[in-house]
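# Residue-level structure breakdown
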Amino acid sequence: MHITSKNIRYMLNVVLCFAITTSTSYASPVNVKTVSYKDAAYYPRHNTAAEVIAKHDSKVSAEASAAVVSVNHDTGDRVNQGDTVIALDCRTYKLQLQQAKAAHDAVNAQYENAKKLFTSAQKLQKQNNISLELYNQRNADASRLKAELINTEAGIEAAEIAVDKCSIKAPYDGYISERFISKGELAQPGTPMFQMITSEQGHVEAHINSFEYESFIQGTNYQFVFNGVSYELAVDSILPVLDRNYRTHTAILSFIDEAAPTGSHGELKWRDNKLALPSSMVIVRNQQAGILIANSSTAKFIPVESYTEGHPAFIELEPGIQIISTGRHGLKDGDSISVVPSNQE
């Protein structure tokens, strides 16, 4: 077949038209829908289990060995700091106190006499009417008896402490939650006598996961929810190290106004103080997480740094920025787009 120059020009025109048509079809704008940043962004909320813990919950034990002679308060009773809850037989310890006081009186009498003798020795020494040996003896006797007197004073104090231990008292204002011993039983040092819980307002304790740690310390609007009622909280502390058992950060919060009952098991809630976008708006391009926005008639990729899959995307944009919400799959930075009104299918 003979191919003329006219045929060649015709074939080139056909190929060129096809190429132009194909190129134009690939460059056709992609229909997308958008939503403004101010409408899509929100403050993420978090929640975790929490409990109201008593500031003091003590098992009070005996410090002396004696029989129980009276139980003055029982389970459920409210007591004030210093009230005697259980009394022990204190006769032996009171006798020891009497002996300590008697020993002190005896030594004190000897010391007063020794002081007088030493005072006389000082006067005689100035007149050179006493030997050095006798003078030194009078000085030593007075010093020795002074030391013994101090020792007997310490003995009285120790005996008074022992007597005081016969009265097992409430260490703070609160309630007797459990009694462990009865009248007539023998108490030994370390024997638990009763359990006591403070009447003081409790605090909330919660365990925060490590991925929520930054959110918690920078958060706001902390609340404890119990039986459908929300109680406002303030953060007292959070441990920066992980708990050995739970592998979480232990947080302590206090009630601002009204408090939930001690022992309540509820939910701790708080809100981030930074705006974020839903994870459903995040796409990945070239191994980088980000979002696509409508930049005039083209798509623009905005990276989201430090993004964790499945979690809100923390990113700050101008309120009016239009984020591509529909039609973004397959789009890449620089692609042509046509924004379709949200109410149009």
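Starting from 1, residues in each chain are numbered consecutively following that chain's sequence as written. With pLDDT at 70 or above as the cut-off, local features in this predicted model cover only qualifying residues; side-chain atom pairs require 80 or more to be listed or tallied, and sums for whole chains, interfaces and linings still use all residues. Side-chain numbers come from the whole structure's heavy atoms, not from hydrogens or water.

## Points about the overall build of the protein chain
So the rule is basically this: Helix and strand assignments come from DSSP, with helices taken as H or I runs of at least 4 residues and strands as E runs of at least 2, each series counted from the N terminus. With the radius of gyration taken over C-alpha atoms, the globule rule is written as 2.2 Å times the number of residues to the power 0.38. When accessible area is computed with a 1.4 Å probe and restricted to protein chains, residues below 20% of their type maximum are described as buried, those above 50% as exposed, and intermediate ones as partly exposed. What makes two residues a contact is simply this: any of their non-hydrogen atoms within 4.5 Å. All accessibility values rest on the Shrake-Rupley procedure with a 1.4 Å probe; residue burial counts only the protein chains present in the view. Residues scored as positive are Lys and Arg, those scored as negative are Asp and Glu, and His as well as the terminal groups of each chain are ignored. A charge is said to be at NZ when it belongs to Lys, at CZ for Arg, at CG for Asp and at CD for Glu.
The secondary structure content of the protein chain amounts to five helices and 22 strands. The C-alpha radius of gyration of the protein chain comes to 43 Å, more than 25% above the 20 Å expected for a compact globule of 345 residues. If you line up the protein chain on its principal axes, its C-alpha atoms span 160 × 60 × 40 Å. Taken over 345 residues, the protein chain has a buried fraction of 32%. Once local pairs closer than 6 in sequence are excluded, the contacts in the protein chain between residues at least 24 apart make up 76%. Here the protein chain displays about 21,300 Å² of accessible surface, and carbon together with sulfur accounts for 50% of that area. If you average the places of the 31 positive and of the 38 negative side-chain charges in the protein chain, the two averages end up 5 Å apart.

## Here we look at the pattern of salt bridges
Formally: Between Lys or Arg on one side and Asp or Glu on the other, a salt bridge is scored when a side-chain nitrogen of the former is within 4 Å of a carboxyl oxygen of the latter.
Under the defined criterion, the tally for this structure stands at nine salt bridges. Residue Glu148 pairs with Arg144 through a salt bridge whose shortest N-O separation is 3.2 Å. You can see Glu148 and its partner Arg144 sitting in helix α4 (residues 132–164), four residues apart, about one turn around the helix. Owing to a relative accessible area of 31%, Glu148 belongs among the partly exposed residues under this scheme. Among the residues examined, Arg144 registers a relative accessible area of 42% and is labelled partly exposed. With its nearest N and O atoms 3.3 Å apart, the salt bridge here joins Asp335 to Lys332. Residues participating in the shared-partner salt-bridge network are Asp141, Arg144 and Glu148.

## Describing the sheet that holds strand β10 (residues 192–198)
To keep things clear, this is the line we draw: If DSSP finds at least two bridges between two strands, the strands pair.
Sheet architecture is open: four strands sit in the order β3-β10-β8-β5, paired in antiparallel fashion. Since the sheet does not close on itself, it has two edges, and those belong to β3 (57–61) and β5 (78–79), each with one partner. Of the pairings in the sheet, the one linking β5 to strand β8 (residues 174–179) comprises two bridges and is antiparallel in character. The residue of β8 that forms the bridge with Arg78 is Tyr175.

## Let's talk about the layout of surface pockets
Here is the rule we go by: Of the grid points, spaced at 1 Å and generated over the protein atoms alone, those admitting a 1.4 Å probe that cannot get out make up cavities, while open sets with protein on both sides within 12 Å along at least five of seven lines make up pockets; any residue with an atom within 4 Å of a point is treated as lining. Grid points are joined across faces, edges and corners, and a volume is the space filled by probe spheres set on the points. Charged residues are taken to be Asp, Glu, Lys and Arg, nonpolar residues to be Ala, Val, Leu, Ile, Met, Phe, Trp, Tyr, Cys and Pro, and polar residues to be all remaining types, Gly included.
Within this model, the largest pocket holds a volume of roughly 510 Å³. Forming the boundary of the largest pocket are 22 residues, of which Phe211, Ser215, Asp272, Pro312 and Phe314 lie nearest the centre. Those elements that provide at least two residues to the lining of the largest pocket are α5 (213–217) and β20 (313–314). Split into classes, the residues belonging to the lining of the largest pocket amount to eight nonpolar, eight polar and six charged.

## Some points on the packing of aromatic side chains
Using the following cut-off: Stacked, edge-to-face and tilted are the three classes for Phe, Tyr and Trp ring pairs, Trp counted by its six-membered ring, which pair at centre distances within 6.5 Å; planes under 30 degrees apart are stacked, over 60 edge-to-face, the rest tilted.
For the structure shown, the criterion picks out five aromatic pairs. Ring geometry for Phe216 against Trp270: centres 5.1 Å apart, planes inclined by 85 degrees, an arrangement best described as edge-to-face. Of the two residues, Phe216 sits in helix α5 while Trp270 sits in strand β15 (residues 265–271), which places them 54 residues apart along the sequence. Judged by its relative accessible area of 1%, Phe216 is buried. Judged by relative accessible area, Trp270 falls into the buried class, the value being 0%. Taken together, the ring pairs connect Phe216, Tyr222 and Trp270 into an aromatic cluster.

## Comments concerning the confidence of the model for the protein chain
Selection rule: pLDDT gives the predictor's per-residue confidence on a scale running from 0 to 100.
When pLDDT is averaged along the protein chain, the result is 90; 91% of the residues meet or exceed 70. Low confidence marks residues 14–26, where pLDDT is under 50. Its contacts with residues over four positions away, or in another chain, come to zero contacts.

## With respect to the pairing of strand β11 (residues 203–208)
Pairing between strand β2 (residues 45–53) and β11: four bridges, direction antiparallel. Counted as the bridge partner of Ala50 is Ala206 from β11. As defined by bridge partners, β11 adjoins strand β14 (residues 249–255) across six bridges and the pair is classed as antiparallel. Counted as the bridge partner of His207 is Thr250 from β14.

## Re the side chain of Ser264
Turning to its location among the elements, Ser264 is positioned in the loop between β14 and β15. Those residues within four positions of Ser264 in sequence are excluded, and the remaining contacts are Ala50, Glu51, Val52, Phe224 and Phe226.

## Thoughts on helix α3 (residues 91–126)
Every α-helix carries 3.6 residues per turn, so stepping three or four residues along brings you back to the same face. Short version of the rule: Helix span is expected to be 1.5 Å times the residue number reduced by one.
Between its first and last C-alpha atoms α3 spans 53 Å; for 36 residues at 1.5 Å apiece the expected length is 52 Å, and the two agree. The complete set of buried residues in α3 reads Tyr93, Leu97, Ala100, His104, Val107, Tyr111, Ala114, Phe118 and Ala121. Contacts from the buried residues of α3 go to β4 (66–71) and α4. Just beyond α3, the residue with positive phi is Asn128, at close to 55 degrees.

## Re the sheet that holds β15
The condition is simple: Orientation is described by axes fitted as lines to C-alpha atoms, over the contacting stretch for helices, and by angles from 0 to 180 degrees between their N-to-C directions.
As summarised here, the arrangement of the six strands in space is β2-β11-β14-β13-β12-β15, forming a closed barrel in which the pairing is antiparallel. Adjacent strand axes in the sheet meet at a mean angle of 40 degrees when their direction is disregarded.

## A look at the pairing of β2
Residues in a regular strand project their side chains so that they alternate between the two faces of the sheet. By the alternation rule, side chains of β2 split into His46, Thr48, Ala50 and Val52, which are all buried, and Arg45, Asn47, Ala49, Glu51 and Ile53, of which none is buried. In terms of strand pairing, β2 meets β15 through seven bridges, oriented antiparallel. Residue pairing for β15: Thr48 is matched across the bridge by Leu268.

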